[in-house]
Amino acid sequence: MDKRRLALAVVPLAFLAVFFAYPVASLVGLGLGEGRGLGLLGDPGVRHVLWFTIWQAVASTVLTVLVALPGAAVLARFDLPGRALIKALVTVPFVLPTVVVGAAFLALIGPDGLLGIELDRTVWAILAAHVFFNYAVVVRIVGSVWGQLDRRQEEAARVLGASRWGAFARVTWPALRPAIAAASTVVFLFTFTSFGIVQILGGPGYATLEVEIYRRTVYQLDLSGAAVLSLVQFAVVAVLLALDGLLTGRARAARLAEPRPRRPRGRFEWAFVVLNLVVLVGLLLAPLAVLVERSFATSHGYALTYWRALARSDASSALPVPAWQTVWTSLQYALVATALAVVIGVCAAVVLTRPGRLGGAFGLLLMLPLGTSAVTVGFGFLIALDEPPLDLRDSALLVPCAQALVAVPFVVRAVLPVLRAIDDRLREAAAVLGASPLRVWWRVDLPLVWRALAAATGFAFAISLGEFGATVFIARADSPTIPVAIATLLGRPGEVNSGQAMALATILMVLCSVTLVVLDRLRPANAGGEL
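Per the secondary structure count, the protein chain includes 21 helices and two strands. Here the protein chain, with 531 residues, has 54% of them falling under the buried criterion. Within the protein chain, contacts between residues at least 6 apart in sequence are counted, and of these 80% link residues at least 24 apart. Carbon and sulfur atoms provide 65% of the accessible area of the protein chain, an area that totals close to 23,000 Å².

Structural data, given as structure tokens:
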């Protein structure tokens, strides 16, 4: 690792040290100091929780990849009417708080669900909700690479006699494997640490490690047991990320070209597109439509009652501030968090482009926040960052830093495959012509990585808007975010509170959709320009 990359590595390392390693180590150390050992793992109940956590995460990841890969192909390679809007809607489920996702599926498949089938309290409901929640991860990460693959290689294979599937297996699939591995890792991490979905749809019969950590921390005050389970979660995630880094490092780079989506041709392509649009409507839009419908449906018919209640701030309100103020608060936090995540993530991705001997450990450290219990991180913030020189409990930057912590890995995962695929000879030619390292990045790397960077920015903003796990512990009572307000409203009885929660969830969907549509339409003014 040369000096320039070492200097860039200082930025993400310092951020992770202060806002991840120190808080988590403080909480785990406090818990283990109470004397509870690893003997907890001999408990049959704990072993059952660990086994369920692993197998449901594997099943959820496989199902998500199988369902979402065709969707990634459609949105990356074909020019469809409303394509940008469709891509934005695909991403909306991912930013919704998991408690809202659980509530949406209950409205579909619960006791009084619109579909008339009762699947709550079953593992099938959990798996379906996980596919719904993580579909966008595969579409955005894999699609950003798929859309820029040089089609001439696949066309050459077809000319030489390969079938459609043969050309895909020999040319496209090897080029997509690093992006698919990256997306699969992210999906596994999110399903492995699943909390709200499992708690709402699984009920008391199912629990992941995250749910068990929450129960022991909040209800049983068993910090020692929670610390042991956090270490187990940490170990599994570390092993997974180490294997992922090994496999990704051995993958060959793909040849990228300027994205040129085209209209579908022939019956096969049109049938492929229509089938995937049907899946999109059935899997993704139905739960979202239920949320919108419930925001207007009162016991006396459809009305704006719940939307008007968002401006209420009287004593009967479940929130200390009018609910609409949480929108402005969330936007402010998300903008700061996105700026932090993009700067830190791009620095990290540049370092990992040619990582050297320390690259594996560095990449592993960057991804660990995704696999760490949000409960552990949130409580760690409260314990570790409340005294000088890191007394940040009252700082307005604490929430954006927690949100950026979760968003940074997505920026790295979206940008890194494209950076690694850029031909080094382009950079070397620019350097020979006298370009400085910064100018090489601006004229060579940025035009090729722009689309992935736009996707990463949208993801970071959306994730910051919807982050709940850690934010719920550190957000100030007078400045709740949209997800915290939604959870508060859902936790209070009453039709108006539930309706306001659905109205806020609808606002969250609209904000995310508008943001992602704008980002997908952005193009660099000098993309493809001369060096």
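What the rule picks out here adds up to two salt bridges. Put simply, Glu212 and Arg216 hold a salt bridge, and the shortest N to O gap is 3.1 Å. Separated by four residues within a single helix, Glu212 and Arg216 lie in helix H9 (residues 209-219), roughly one turn from each other. Accessibility classification places Glu212 together with Arg216 in one group, the buried group.

Once that is clear, we can look at the packing of H9 against helix H15 (residues 374-384). The geometry of H9 relative to H15 is characterised by a closest axis approach of 9 Å and an angle of 35 degrees between their N-to-C directions. Packed against H9, whose contacting residues are Glu210, Ile213, Tyr214, Thr217 and Val218, the element H15 presents Ala374, Val375, Thr376 and Phe379 at the interface. Along the lines of polarity and charge, the residues of the contact of H9 with H15 split into six nonpolar, two polar and one charged.

This part is about a negative patch on the surface. On the surface, Asp386, Glu387, Asp391 and Asp394 cluster together into a patch of negative charge. Relative to the elements of secondary structure, Asp386 occurs in the loop between H15 and helix H16 (398-421).

Aromatic rings in a pair are described by how distant their centres are and how their planes are angled relative to each other. The final tally for this structure, using the stated rule, is ten aromatic pairs. With a centroid separation of 6.3 Å and 40 degrees between ring planes, the pair formed by Phe19 and Phe381 is classed as tilted. With Phe19 in helix H1 (residues 3-32) and Phe381 in helix H15, this residue pair connects regions lying 362 residues apart in the sequence. A relative accessible area of 12% means that Phe19 is categorised as buried. Ring geometry for Phe52 against Trp55: centres 5.9 Å apart, planes inclined by 85 degrees, an arrangement best described as edge-to-face. Separated by three residues within a single helix, Phe52 and Trp55 lie in helix H2 (residues 44-77), roughly one turn from each other. According to the relative accessible area criterion, Phe52 is buried, its value standing at 3%. Owing to a relative accessible area of 32%, Trp55 belongs among the partly exposed residues under this scheme. An aromatic cluster of three or more residues is present, and its members are Phe15, Phe19 and Phe381.

Tracing the chain through its elements places Pro204 in the loop between helix H8 (196-202) and H9. Residues Pro204 and Arg121, spaced 83 residues apart in sequence, show a C-alpha to C-alpha distance of 8.3 Å. Residues in contact with Pro204, not counting those within four places in the same chain, are Arg121 and Arg215.

Turning our eyes to something else, we now look at the confidence of the model for the protein chain. A residue-level look at the protein chain finds 83% of positions with pLDDT of 70 or above and a mean pLDDT of 78. Here residues 523-531 is a poorly scored stretch, pLDDT under 50, and it has 13 contacts once near neighbours within four places are set aside; other chains count.

When the terminal C-alpha atoms of helix H11 (residues 266-296) are compared, their 42 Å separation across 31 residues agrees well with the 45 Å that a helix rising 1.5 Å per residue should span. At Leu285, H11 shows its maximal bend, which comes to roughly 45 degrees, and the proline Pro287 appears one to four places after that position. Within H11, burial applies to Glu269, Val273, Asn276, Leu280, Leu283, Leu284, Pro287, Leu288, Val290, Leu291 and Ser295.

Moving on, we get to the environment of Thr471. With respect to the helices and strands, the residue Thr471 is situated in helix H19 (residues 471-474). Filtering out sequence-adjacent residues up to four positions away, Thr471 remains in contact with Val399, Gln403, Thr481 and Val484.

Calculation criteria
Counting starts from 1 at the beginning of each chain's written sequence and moves along it residue by residue. In keeping with the predicted nature of the model, local features appear solely for residues at pLDDT of at least 70, side-chain atom pairs appear and are counted solely at 80 or more, and the whole-chain, interface and lining totals rest on all residues. To get the side-chain values, take all heavy atoms of the structure and skip hydrogens and water. Each helix is a run of H or I in the DSSP string that is no shorter than four residues. Each strand is a run of E no shorter than two, and both are numbered from the N terminus. Classification of residues uses two cut-offs on accessible area relative to the type maximum, computed with a 1.4 Å probe and protein chains only: under 20% is buried, over 50% is exposed, and between them is partly exposed. In this analysis, two residues are considered to be in contact whenever any of their non-hydrogen atoms come within 4.5 Å of each other. For the area figures, the Shrake-Rupley method with a 1.4 Å probe applies, and any residue is considered shielded solely by the protein chains shown. For this document, the term salt bridge refers to a Lys or Arg side-chain nitrogen within 4 Å of an Asp or Glu carboxyl oxygen. Angles run from 0 to 180 degrees between N-to-C directions of axes, and those axes are lines fitted to C-alpha atoms, restricted for helices to the stretch in contact. Each residue gets one of three labels, nonpolar for Ala, Val, Leu, Ile, Met, Phe, Trp, Tyr, Cys and Pro, charged for Asp, Glu, Lys and Arg, and polar for the others, Gly among them. Note on patches: the residues involved have over 30% relative accessible area and no salt bridge, like charges join within 9 Å, and the nonpolar side chains Val, Leu, Ile, Met, Phe, Trp and Tyr join within 5 Å. Under the convention used here, Asp and Glu are negative, Lys and Arg are positive, and both His and the chain ends fall outside the count. To locate a charge, take NZ of a lysine, CZ of an arginine, CG of an aspartate or CD of a glutamate. The criterion for an aromatic pair is that two Phe, Tyr or Trp rings (for Trp, the six-membered ring) have centres within 6.5 Å, with stacked assigned to planes under 30 degrees apart, edge-to-face to planes over 60 apart and tilted to the rest. As a per-residue measure, pLDDT reflects the predictor's confidence and takes values from 0 up to 100. Each residue after the first adds 1.5 Å to the expected span of a helix. The angle separating two fitted axes, one through the seven residues that finish at a residue and one through the seven that start at it, defines the bend at that residue.

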